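Understanding the architecture of this molecule
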Amino acid sequence: MIIANWKCNGSTEMYKTWSVDFSNELLHKKDTYLGIAPPSIYFGDIKSYLTCIPFIGVQDVDYLDGPRTGAISVDMLIDMDCNFSIVGHSERRQLFNEDNELIKKKIESLNNKIMTVLCIGETMVESQKGSTKNILEEQLGIIKGLELNESFTVAYEPVWAIGSGLTPEPNDINEIHKYIKDVVQSYSANNHIPGVLYGGSVTDINAESFFKKQYVDGALVGGASLKGASFAKIVNIFNGMKQ
Ligand code: 13P
């Protein structure tokens, strides 16, 4: 599974060029889960225009509808045939003060309706203190007792790796992904073992080193997904290595 998170980037012109560059570079056509989360305002246009990408999702959602200015609800995602929603991205946590309680409500409202990609990750200070696993366990605490849909996915995105060009060692990522799978399995009511994506400075240069690892089920790509050709290269690498 490879998902592009375009964050607050893009324009009509950009995604048209993107589509040509992506299609020119894409080698294998496999049934890999391939998705893009564009800014929501482009959702409908991109869904009908980017036919080379089978799944289009959103970067965030609200857990209720009604008088909540600026929000987009789960019912609206269903209405628009949205394929997935990212929740809990560290930029939402840091810039918009989203906490675990709020993210929990979002997961509960998405569960069994729209595929959920929950982002978790530690800061540099937490990593240096050796508390990565404690932080991830706390962030995953919100799914305790939930009967998770089989599509429920986690993205491990160390905050310090996002947009920095820094990444953890692939072996460390592998160990953390195994840990995430174990924690979700033990916390969820139905012992769900999630797919776990790695996110944080993934490029077409380093992607292979991550995809080689057993517990890395794919990537959530930010900056490198903004160019169609580099995103296609990452997809090509994945398709050449994983089922
Ligand atoms: P970068 O790939 O730009 O580091 O962003 C990762 C990310 O935040 C994806 O959600």
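Let us now look at the packing of helix 7 (residues 132-140) against helix 8 (residues 170-187). Two elements in contact, helix 7 and helix 8, have axes whose closest approach is 10 Å; the angle formed by their N-to-C orientations is 35 degrees. Read as a crossing pair, helix 7 and helix 8 show a hand that is right-handed. Of the residues in helix 8, those touching helix 7 at Thr132, Lys133, Leu136, Glu137 and Leu140 are Glu175, Ile176, Tyr179, Ile180, Val183, Val184 and Tyr187. Among the residues forming the contact of helix 7 with helix 8, the class breakdown is eight nonpolar, one polar and three charged.

In this section: the sheet that holds strand 2 (residues 34-37). Here we have eight strands rolled up into a closed barrel, ordered 1-2-3-4-5-6-7-8, and parallel in their pairing. When strand polarity is set aside, the average angle formed by the axes of neighbouring strands in this sheet is 25 degrees. Two elements, strand 1 (residues 2-5) and strand 8 (residues 219-221), share three bridges in a ladder whose sense is parallel. Bridging from a neighbouring strand, Ala4 pairs with Val221 of strand 8. Together, strand 5 (115-120) and strand 6 (153-156) form the strand contacts of helix 7, whose direction differs from that of strand 5 by roughly 145 degrees. Each of strand 1, strand 2 and strand 8 is contacted by helix 10 (residues 228-241), which is oriented at about 160 degrees to strand 1, the strand it contacts most.

Within strand 5, six of the six residues are buried, leaving the element largely enclosed by the surrounding structure. The side-chain alternation of strand 5 yields two buried faces, one formed by Met115, Val117 and Cys119 and the other by Thr116, Leu118 and Ile120. In the sheet, strand 4 (residues 84-87) pairs with strand 5 via four bridges, with the strands oriented parallel. For Ile86, the partnering residue across the bridge sits in strand 5 and is Val117. Relative to strand 6, strand 5 is paired through four bridges, and the arrangement is parallel. Along strand 6, the bridge assignment pairs Ile120 with Tyr156.

All right, on to the layout of surface pockets then. One number sums up the size of the largest pocket: a volume of about 580 Å³. As for the largest pocket, its lining consists of 21 residues, and the residues nearest its centre are Ser40, Gln59, Asp60, Arg92 and Phe96. Counting residues per element, the lining of the largest pocket draws most heavily on helix 4 (residues 90-95), which supplies three residues. Looking at side-chain class alone, the lining of the largest pocket contains nine nonpolar, five polar and seven charged residues. Roughly 200 Å³ of volume is contained in the second largest pocket. Residue lining of the second largest pocket: 17 residues in total, with Lys7, Gly163, Ser201, Gly222 and Gly223 positioned closest to the centre.

Rules used throughout
- Residues numbered from 1 in each chain as written.
- Predicted model: local features only at pLDDT ≥ 70, side-chain atom pairs only at ≥ 80, totals over all residues.
- Heavy atoms only, no water.
- Axes fitted to C-alpha atoms, helices over the stretch in contact; angles between N-to-C directions.
- Helix = DSSP H or I, 4+ residues; strand = E, 2+ residues; numbered from the N terminus.
- Left-handed = near helix turned anticlockwise from the far one by under 90°.
- Contact = heavy atoms within 4.5 Å.
- Nonpolar A, V, L, I, M, F, W, Y, C, P; charged D, E, K, R; others polar.
- Pairing = 2+ DSSP bridges.
- Buried < 20%, exposed > 50% of the residue type's maximum accessible area, 1.4 Å probe, protein only.
- 1 Å grid on protein atoms, 1.4 Å probe; cavity = no way out; pocket = protein on both sides within 12 Å on 5 of 7 lines; lining within 4 Å.
- Points joined across faces, edges and corners; volume = space filled by probe spheres on them.

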